[in-house]
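Breakdown of the fold
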Amino acid sequence: MVDTVKVGHEWFWERLDQYLAKSQLKHSKQRNFIIEEFLQMKTHVSAEELYSQLKTMDHNPGLATVYRTLNLLKDAALVDQKQFSDGKSVFEVMEPGSHHDHLICLTCHKVIEFENEEIERLQEQVAKKLGFKLTKHSLELFGHCSDCVKTL
Ligand SMILES: [Zn+2]
Ligand SMILES: [Zn+2]
């Protein structure tokens, strides 16, 4: 375990521990540092953004290591990888028991998160009707945000 676990992310490190043990992987100091930094950043972070952030610090891992770390978190089902409007992949923490969907502005690339019980329910209904067992879903709505729509 790292010695500077930030409050609120204990579950994250616990599940990472379990995953590493199960996969017979060891903790690495460098990886932990990358993850810590990732957890401090805003949500929907790309590997490149995380890499740039790390470059401003003492540690300076290669971009490939940053990618590998994020992929490991994805394999551990701790983060979700999303492809939004500008083609770049972004990562966000998958908090257990919490879920949201996204509105994506095609002009300024802003991403707005939303939750809607009714949409959730309807999706489950659709799946049930078709005998489909849902494991997860991802809903992305594309368009122009309230700021950008004025300049169209
Ligand atoms: Zn916009
Ligand atoms: Zn999100």
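Rules and cut-offs
- Residues numbered from 1 in each chain as written.
- Chains lettered and ligands numbered in written order.
- Predicted model: local features only at pLDDT ≥ 70, side-chain atom pairs only at ≥ 80, totals over all residues.
- Heavy atoms only, no water.
- Pairing = 2+ DSSP bridges.
- Helix = DSSP H or I, 4+ residues; strand = E, 2+ residues; numbered from the N terminus.
- Donors = N, O, S within 2.8 Å, 3.2 Å for Na, K, Ca; no water.
- Tetrahedral: all angles 85-135°; square planar, octahedral: opposite > 155°, others 65-115°.
- Buried < 20%, exposed > 50% of the residue type's maximum accessible area, 1.4 Å probe, protein only.
- Domains from an automatic or database assignment.
- Contact = heavy atoms within 4.5 Å.
- Buried area = accessible area lost by both parts, 1.4 Å probe.
- Salt bridge = Lys/Arg side-chain N within 4 Å of Asp/Glu carboxyl O.
- Polar contact = N/O pair within 3.5 Å; in protein donor to acceptor, adjacent residues only side chain to side chain.

**Some words on the pairing of strand 4 (residues 111-114)**
- When strand 3 (residues 101-105) meets strand 4, the two strands line up antiparallel, connected through four bridges. Considered in strand 4, the bridge of Leu103 is made with Ile112.
- Taken together, strand 3 and the strand that follows it, strand 4, pair antiparallel across an intervening segment of five residues, in which His109 is found at a positive phi of about 65 degrees.

**A few points about the coordination of the zinc ion (ligand 2)**
- Ligation of the zinc ion (ligand 2) by protein atoms is provided by His44 (NE2), Glu92 (OE), Glu92 (OE), His100 (NE2), His102 (NE2) and Glu113 (OE), these donors lying 2.0 to 2.8 Å from the ion.
- Taken together, the six donor atoms surrounding the zinc ion (ligand 2) define angles of 50 to 167 degrees at the centre, an arrangement classified as irregular.
- Within one chain, the residues donating to the zinc ion (ligand 2) are spaced in sequence as H-x47-E-x7-H-x1-H-x10-E. With a gap of 69 residues between them, His44 in the loop between helix 2 (29-40) and helix 3 (47-55) and Glu113 in strand 4 connect regions that are remote in the sequence.
- Of the residues examined, His44 reaches a relative accessible area of 9% and is grouped as buried.

**Concerning the domain arrangement of the protein**
- Entries for the protein in the domain assignment read domain 1 (10-93) and domain 2 (101-151).
- With centres defined by C-alpha atoms, the gap from domain 1 to domain 2 works out at 25 Å.
- Between domain 1 and domain 2, the contact holds nine residues from the first and 11 residues from the second.
- Summed over both sides, the interface of domain 1 with domain 2 buries roughly 720 Å², with 57% coming from carbon and sulfur.
- Counting across the interface, domain 1 meets domain 2 through two salt bridges.
- Across the pair Lys136 and Asp80 runs a salt bridge, and its minimum N-O distance is 3.2 Å.
- Across the domain 1-domain 2 interface, the total number found is six residue pairs in polar contact (both at pLDDT 80 or more).
- Here the side of domain 1 that touches domain 2 takes three residues from strand 1 (residues 79-83), the largest share from any one element.

**Here's the deal with the pattern of salt bridges**
- Summed over all chains, the structure comprises seven salt bridges.
- Residue Glu49 is joined to Lys42 by a salt bridge in which the shortest nitrogen-to-oxygen separation is 3.7 Å.
- Taking the relative accessible area as the measure of exposure, Glu49 reaches 27% and is therefore partly exposed.
- Taking the shortest distance from any N to any O, the salt bridge between Asp147 and Lys150 comes out at 3.9 Å.
- Taking relative accessible area as the criterion, Lys150 reaches 64% and is therefore assigned exposed.
- Members of the salt-bridge network, linked through shared partners, are Asp80, Lys82, Lys136 and Glu140.

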